[in-house]
Amino acid sequence: MKQVSLLWTLPLLVVVLTGCGSPPREVPSARKDIDEAQMAMDSSRSKERVGDYDMALGDLRRAREAINKGKTYAEDTDLSKLNSMDDEVRKRMMDLETRRLTKASEPVKPKAVAAAPKTEDPEEKKKREEAAAEAKRLAAAAKEKAALDATFKVAETKTGPAKVKEDDEPVPADVKTAAKKKADGEEEVAEGEAPKRKTAVGPFPELLQGSPPLEIVKLTTRGKFAIAYFQLYNKDNNGRRIMNVAVIFKNANGQEMINPLSVATFSYSGFKPDITNPTEQSTAAAVTSGSHQITGGEGMQLAAVGEHDRAGDVKSVGVIVVFDDGTKVSAAGPAAGAEAAAPVKGLKLK
């Protein structure tokens, strides 16, 4: 009986032992995606050194595609490497975007025309004069283009309510009431829908459904400082995080006066414009890459401070805001121009 029992247990032992030799799970490798992303990043640096920012940004976008692809299945050290590369690519894209836009606003310098010899053929003299006239025309065109680029976009002309012509039909009383409410800033709301408006804050107007995504509302100068007040409005339902803000203060000729990289931007909440040095805010949070987010349907009020010995010559400002989804908004103004801030009693300016 014992021999028979032993024979019956042998198949079971064989089955158990054969299961012990299964190979371990192979960890997927993202080395190919890492190499591809690294090559694109190296290529971007080469193009950046020669000032080709558009091509450099294109290489960084290819690097992000490879990184995102690898992150879908990478593990352990590969995943850590991809996350580190992703952070580096994001920061470089923000920096390149600012440098590219700043470079685009600079006037194009015309090539100097070689001096003509003292004795020259009449045909050569005619060609030289034509070349000089063409160079002058190109210089004027470049100056006009630079002025347009500096404003980033033409401000929209605000018009009042349309006037009723004498031969038009009489307007019903309820329509007149609705038009009056709209003119007074009261937005008409459909039944069952909450009004999309926010209370005005400081120098900023109320946020209405038709408010622009970026509006420069005020520009003041005092001593060595220029302060621009601008308002953002996120019309989308999804939140958008601010990754970069470029603020360019310009004189009456549209020339840049303050380096955008030295301009400090703050949330208007808690901002104190009347302190000795407005760039040193203690209560307002400075806006840095990724520090602030605008939720869907909401707005944000900001103040940017620039310092210059001739800040009183600042007459306009251009603003570019880049978001984490790759979109950007820009505006120029204000329409009223710059105004000198009222002196603060007992305050000694820097």
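Residues numbered from 1 in each chain as written. Predicted model: local features only at pLDDT ≥ 70, side-chain atom pairs only at ≥ 80, totals over all residues. Heavy atoms only, no water.

Moving on, we come to the sheet that holds strand S2 (residues 225-233). Strand order in the open sheet formed by five strands is S4-S6-S2-S1-S9, and the pairing between neighbours is mixed. Since the sheet does not close on itself, it has two edges, and those belong to strand S4 (264-267) and strand S9 (339-340), each with one partner. Of the pairings in the sheet, the one linking strand S1 (residues 214-222) to S9 comprises two bridges and is parallel in character. Within S9, the position partnered with threonine 221 by the bridge is alanine 340. (Pairing = 2+ DSSP bridges. Helix = DSSP H or I, 4+ residues; strand = E, 2+ residues; numbered from the N terminus.)

Taken in spatial order, the four strands line up as S5-S3-S7-S8 in an open sheet, and their pairing is antiparallel. Each end of this open sheet is capped by a strand with a single partner; those strands are strand S5 (292-294) and strand S8 (328-333). Strand-to-strand twist of the sheet, defined as the mean angle between neighbouring strand axes without regard to direction, takes the value 35°. In terms of strand pairing, strand S3 (residues 240-250) meets S5 through three bridges, oriented antiparallel. When the sheet's bridge partners are listed, arginine 241 is paired in S5 with glutamine 293. (Axes fitted to C-alpha atoms, helices over the stretch in contact; angles between N-to-C directions.)

Side chains of Asp121, Glu123, Glu124, Glu129 and Glu130 sit close together on the surface and give a patch of like negative charge. Relative to the assigned elements, glutamate 124 resides in helix H5 (residues 122-151). Among the residues examined, glutamate 124 registers a relative accessible area of 44% and is labelled partly exposed. (Patch = residues over 30% accessible without salt bridge, like charges linked within 9 Å, V, L, I, M, F, W, Y side chains within 5 Å. Areas by Shrake-Rupley, 256 points an atom, 1.4 Å probe, with all protein chains shown as cover. Salt bridge = Lys/Arg side-chain N within 4 Å of Asp/Glu carboxyl O. Lys, Arg positive; Asp, Glu negative; His and termini not counted. Charge placed at Lys NZ, Arg CZ, Asp CG, Glu CD. Buried < 20%, exposed > 50% of the residue type's maximum accessible area, 1.4 Å probe, protein only.)

The first and last C-alpha atoms of helix H3 (residues 53-71) sit 27 Å apart over 19 residues, in line with the 27 Å expected at 1.5 Å per residue. Of the residues making up H3, those classed as buried are Tyr53, Ala56, Leu57, Asp59, Leu60, Ala63, Ala66, Ile67 and Gly70. (Expected span 1.5 Å × (residues − 1).)

This paragraph deals with the pairing of S1. Within S1, seven of the nine residues are buried, leaving the element largely enclosed by the surrounding structure. As paired strands, S1 and S2 are joined by eight bridges and run antiparallel to one another. Across the sheet, threonine 221 pairs through a bridge with alanine 226, a residue of S2.

Moving on: the environment of methionine 94. Among the secondary structure elements, methionine 94 is positioned in helix H4 (residues 76-104). The class for methionine 94 is buried, based on a relative accessible area of 17%. Between the C-alpha atom of methionine 94 and that of serine 289, which follows or precedes it by 195 residues, the distance is 8.5 Å. The contacts of methionine 94, once residues within four sequence positions are left out, are Met243, Asn244 and Val322. (Contact = heavy atoms within 4.5 Å.)

Time to look at the confidence of the model for the protein. Predicted coordinates in regions of low pLDDT should not be interpreted in detail. For the protein, mean pLDDT is 77; residues scoring 70 or higher make up 68% of the total. Contacts for the low-pLDDT stretch residues 151-171, under 50 throughout, to residues beyond four places or in other chains number 16 contacts. Confidence over residues 175-197 falls short of pLDDT 50; this stretch has 20 contacts with residues more than four positions distant or in other chains. (pLDDT = per-residue confidence, 0-100.)

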